[in-house]
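As a plain string of letters, each chain reads:
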Amino acid sequence: MVSTSLPGGTWTLGDLTVTRFGYGAMQLAGPWVMGPPADHAGALAVLRAAVEHGITHIDTSQAYGPQVTNQLIREALHPYPDSLHIVTKVGANRDQRGGWPPARDPESLRRSVHENLETLGLDVLDLVNLRLGDAAGPQAGSVAEAFSTLVDLRREGLIRHLGVSNATPEQVAEAQAIAPIVCVQNRYNLAHRQDDELIDALAEQGIAFVPFFPLGGFSPLQSSLLSTVAARLEAAPMSVALAWLLRRSPNILLIPGTSSTTHLHENIAGAALTLTDDDLAELDKIGR
């Protein structure tokens, strides 16, 4: 049964109902998202606590570790509750230096989908996001070949729903012209508002927007403005940032990551923070 006690309520990804407050598993891997966690038991505990809190949306990728977060998810939660939906990404690998080289040719994408199925212990993946661009952000270019490969895998019954990540608005439109998508996963927060128009357009279409790095890339001035509002509300800056995202648009789904159960509890409580119209007006100045 899907819990509605988490902040934000629920959203529907295609035919999958998920809590708007989800969990991102990337931080469960070792430093720089490479290798195993320092605290294996602690990582399992965080995943189990997330599900116990009613979270039904977990974000992962075979590239995290690599394989590490998928293996932890399976160890902690398999067999999975019917209400739990695991979202993964394909389109990038890891190299020995910790880089994220693209892997968007058809052979690599097929291999990655099958690896995700194996490490997660699934017969079909609920939702697969095609990771585009690079570590610097979205990069222009056609998605047709890569996205069409995932469409073929969906027709083969290995994927239920598709999305794109680290994408430009033009790439979102190109993907939609090929097949339906249920979400876009991009960098977005109070300080980085480049996808404002895209979020509103997706909301009108009933498509989710999943922001990552809720506190990433703030300038000292922007951090100071956020801290001022947080201090007045007697809350942590992360709490204010998460609460603002939930208020920004009903199609925004959160996937904050942590390797600490204490931090997980704090994130959940913080996202439920009540922001007044004056608070929102002051926060709106940060990224405009």
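Reading the values: rules and limits
Residues numbered from 1 in each chain as written. Predicted model: local features only at pLDDT ≥ 70, side-chain atom pairs only at ≥ 80, totals over all residues. Heavy atoms only, no water. Helix = DSSP H or I, 4+ residues; strand = E, 2+ residues; numbered from the N terminus. Rg over C-alpha atoms; globule rule 2.2 N^0.38 Å. Buried < 20%, exposed > 50% of the residue type's maximum accessible area, 1.4 Å probe, protein only. Contact = heavy atoms within 4.5 Å. Areas by Shrake-Rupley, 256 points an atom, 1.4 Å probe, with all protein chains shown as cover. Lys, Arg positive; Asp, Glu negative; His and termini not counted. Charge placed at Lys NZ, Arg CZ, Asp CG, Glu CD. Pairing = 2+ DSSP bridges. Axes fitted to C-alpha atoms, helices over the stretch in contact; angles between N-to-C directions. Nonpolar A, V, L, I, M, F, W, Y, C, P; charged D, E, K, R; others polar. Core = buried A, V, L, I, M, F, W, Y, C linked by side-chain atoms within 4.5 Å. Expected span 1.5 Å × (residues − 1). Polar contact = N/O pair within 3.5 Å; in protein donor to acceptor, adjacent residues only side chain to side chain. Phe/Tyr/Trp six-rings, centres within 6.5 Å; stacked < 30°, edge-to-face > 60°. Salt bridge = Lys/Arg side-chain N within 4 Å of Asp/Glu carboxyl O.

**A closer look at the overall build of the protein chain**
- The secondary structure content of the protein chain amounts to 10 helices and 9 strands.
- Against the globule reference of 19 Å for 288 residues, the protein chain gives a C-alpha radius of gyration of 18 Å, in line with a compact fold.
- Overall, the protein chain is about 50 × 45 × 40 Å in size when its C-alpha atoms are taken along their principal axes.
- In the protein chain, which comprises 288 residues, the share counted as buried stands at 54%.
- Nonlocal contacts in the protein chain, meaning residues at least 24 apart in sequence, comprise 74% of its contacts between residues at least 6 apart.
- With an accessible surface of roughly 12,500 Å², the protein chain has 52% of that area assigned to carbon and sulfur atoms.
- Where the 20 positive side-chain charges of the protein chain centre and where its 31 negative ones centre are 2 Å apart.

**Observations concerning the side chain of Gln 62**
- Relative to the helices and strands, Gln 62 is located in the loop between strand S4 (57-59) and helix H2 (68-77).
- Residues within four places of Gln 62 in sequence aside, it is in contact with Gln 67, Asn 70, Thr 88, Lys 89, Glu 115, Asn 116 and Thr 119.

**Topic: the sheet that holds strand S9 (residues 208-212)**
- Taken in spatial order, the 7 strands line up as S3-S4-S5-S6-S7-S8-S9 in an open sheet, and their pairing is parallel. Taken across any chain shown, the strands that pair with only one partner, and hence form the sheet edges, are strand S3 (23-24) and S9.
- As defined by bridge partners, S4 adjoins strand S5 (residues 85-90) across 3 bridges and the pair is classed as parallel. Bridge pairing links His 57 to His 85 in S5.
- Its contacts with the sheet put helix H4 (residues 144-155) on S5, strand S6 (125-131) and strand S7 (159-165), and the angle it makes with S7 is roughly 165°.

**So, the packing of H2 against helix H3 (residues 106-120)**
- Taken N-terminus to C-terminus, the directions of H2 and H3 make an angle of 35°; their axes are 8 Å apart at the nearest point. Residues Asn 70, Gln 71, Ile 73 and Arg 74 of H2 form the contact with H3, whose participating residues are Asn 116, Glu 118, Thr 119 and Leu 120.
- Split by residue class, the contact of H2 with H3 holds 2 nonpolar, 4 polar and 2 charged.

**Digging into the nonpolar core**
- Core analysis: the biggest nonpolar cluster contains 76 residues, and Tyr 23, Phe 147 and Leu 150 have the highest contact counts within it.
- Beyond its immediate stretch of four places on either side in the chain, Leu 150 contacts Val 90, Leu 109, Val 113, Val 128, Leu 130, Ile 159 and Leu 162.
- Of all hydrophobic cores here, the second largest spans 12 residues; its members include Trp 11, Val 18, Val 87 and Ala 208.

**With respect to H3**
- A rise of 1.5 Å per residue sets the reference length of H3, with its 15 residues, at 21 Å; its end C-alpha atoms lie 21 Å apart and thus fit the reference within 8%.
- Those residues of H3 not exposed but buried are Ser 108, Leu 109, Ser 112, Val 113, Asn 116, Leu 117, Thr 119 and Leu 120.
- Taken together, the buried residues of H3 touch H2, S5, S6, H4 and S7.

**What about the side chain of Arg 248?**
- With respect to the helices, strands and loops of the structure, Arg 248 is situated in helix H8 (residues 237-248).
- A distance of 3.1 Å separates the side chain of Arg 248 from the side chain of Asp 196, its partner in a polar contact.
- Engagement of the side chain of Arg 248 in a polar contact is seen with the side chain of Asp 200, the distance being 3.2 Å.
- Not counting chain neighbours up to four residues away, the residues in contact with Arg 248 comprise Tyr 188, Arg 193, Asp 196, Ile 199 and Asp 200.

**What to know about the packing of aromatic side chains**
- Under the defined criterion, the tally for this structure stands at 4 aromatic pairs.
- On the basis of an interplanar angle of 20° and a centroid distance of 6.0 Å, the ring pair of Tyr 188 and Trp 244 is categorised as stacked. Placement of Tyr 188 in the loop between strand S8 (183-187) and helix H6 (196-205) and of Trp 244 in helix H8 is noted, with a sequence separation of 56 residues between them.
- Given the relative accessible area of 0%, Tyr 188 is considered buried.
- Taking relative accessible area as the criterion, Trp 244 reaches 4% and is therefore assigned buried.
- Ring geometry for Phe 212 and Phe 213: centres 5.1 Å apart, planes at 90°, overall edge-to-face.
- What makes Phe 213 partly exposed here is its relative accessible area of 45%.
- Here the aromatic cluster, defined as three or more aromatic residues joined through ring pairs, consists of Tyr 188, Phe 209 and Trp 244.

**Brief notes about the pattern of salt bridges**
- Inspection of the entire model under this criterion finds 11 salt bridges.
- Ionic pairing is found between Arg 110 and Glu 156, a salt bridge with its closest N-O pair at 2.7 Å. Of the two residues, Arg 110 sits in helix H3 while Glu 156 sits in the loop between H4 and S7, which places them 46 residues apart along the sequence.
- Residue Glu 156 is classed as partly exposed on the basis of its relative accessible area of 46%.
- A salt bridge links Asp 196 to Arg 193; its shortest N-O distance comes to 3.2 Å.

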